[in-house]
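# Results of the structural survey
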Amino acid sequence: MSNTIKSNQIQIIKINNNTYLPYQLHQLPKFFDKYTTDHFNLKGYCYISINDHSDSFNLKNFKDRLTFNKDIHYSLKR
C-alpha cells in the first residue's frame, strides 16, 4: 500500500491515529482558526482534524458530499 496521495484524489487522511477531513480554502468551517485548529495544507486543500469538529458533526453526511469537481458533470458545477 502506498502512502502517497494522487493529485486527482480527495480523501479523508489518517495520520498517527488522527483523522483529517479535506476542505477547499473558500469552504473552511466557521470554527477554523489557523492558530488553534489542528490542520495542514496539501495540494490546495486544508485538512482539519476531526477532533476539532463539534460533537454534532455528521461524518457520514460529509463523506456522502465529498466529491472532486472533475467527477461532476459540467452543468452541475457552479
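Note that this is a predicted model, so its numbers are computed, not measured. (Residues numbered from 1 in each chain as written. Predicted model: local features only at pLDDT ≥ 70, side-chain atom pairs only at ≥ 80, totals over all residues. Heavy atoms only, no water.)

What follows deals with the pairing of strand β4 (residues 45-49). For a regular strand, side chains alternate in direction, first toward one face of the sheet and then toward the other. Counting buried positions over the five residues of β4 gives five, a clear majority of the element. Residues of β4 alternate between two faces, with Tyr 45, Tyr 47 and Ser 49 on one and Cys 46 and Ile 48 on the opposite face, all of them buried. Sheet topology note: the strand β2 (residues 18-24)/β4 ladder contains five bridges and is antiparallel. Note on β4: the bridge partner recorded for Tyr 20 is Ser 49. Inspection of the sheet shows strand β3 (residues 39-42) paired to β4 by four bridges, in the antiparallel sense. Bridging across to β4, His 39 finds its partner in Ile 48. Joining the antiparallel neighbours β3 and β4 is a turn of two residues, in which Lys 43 adopts a positive phi near 50°. (Buried < 20%, exposed > 50% of the residue type's maximum accessible area, 1.4 Å probe, protein only. Helix = DSSP H or I, 4+ residues; strand = E, 2+ residues; numbered from the N terminus. Pairing = 2+ DSSP bridges.)

Evaluation of the coordinates by the stated rule reveals four aromatic pairs. Relative to Phe 40, the ring of Tyr 20 has its centre 5.1 Å away and its plane inclined at 70°; by these criteria the two rings are edge-to-face. Here Phe 40 lies in strand β3 and Tyr 20 lies in strand β2, a separation of 20 residues in the sequence. For Tyr 20, a relative accessible area of 8% gives the class buried. Between Phe 57 and Phe 62, the ring centres sit 5.8 Å apart and the planes meet at 55°, which makes this aromatic pair tilted. On the basis of relative accessible area, Phe 57 is assigned to the partly exposed category, the value being 25%. (Phe/Tyr/Trp six-rings, centres within 6.5 Å; stacked < 30°, edge-to-face > 60°.)

Its place among the elements puts Thr 37 in the loop between β2 and β3. Thr 37 has contacts with Phe 31, Phe 32, Ile 48 and Asp 52, leaving out every residue within four places of it along the chain. (Contact = heavy atoms within 4.5 Å.)

On to unusual backbone geometry, then. Here the phi dihedral of Asn 17 falls at roughly 65°; this positive angle occurs in a residue that is not glycine. Inspection of the secondary structure puts Asn 17 in the loop between β1 (13-15) and β2. We classify Asn 17 as exposed; its relative accessible area is 73%. For Lys 43, which is not a glycine, the phi torsion comes out positive at approximately 50°.

Quick look at the sheet that holds β2 now. Strand order in the open sheet formed by four strands is β1-β2-β4-β3, with antiparallel pairing between adjacent strands. The sheet terminates laterally at β1 and β3, the two strands that pair on one side only. Here the strands of the sheet are splayed against their neighbours by 35° on average, with no regard to which way each runs. For β1 and β2, the ladder comprises three bridges, and the chain directions are antiparallel. Counterpart to Ile 13 in the pairing with β2 is Tyr 20. (Axes fitted to C-alpha atoms, helices over the stretch in contact; angles between N-to-C directions.)

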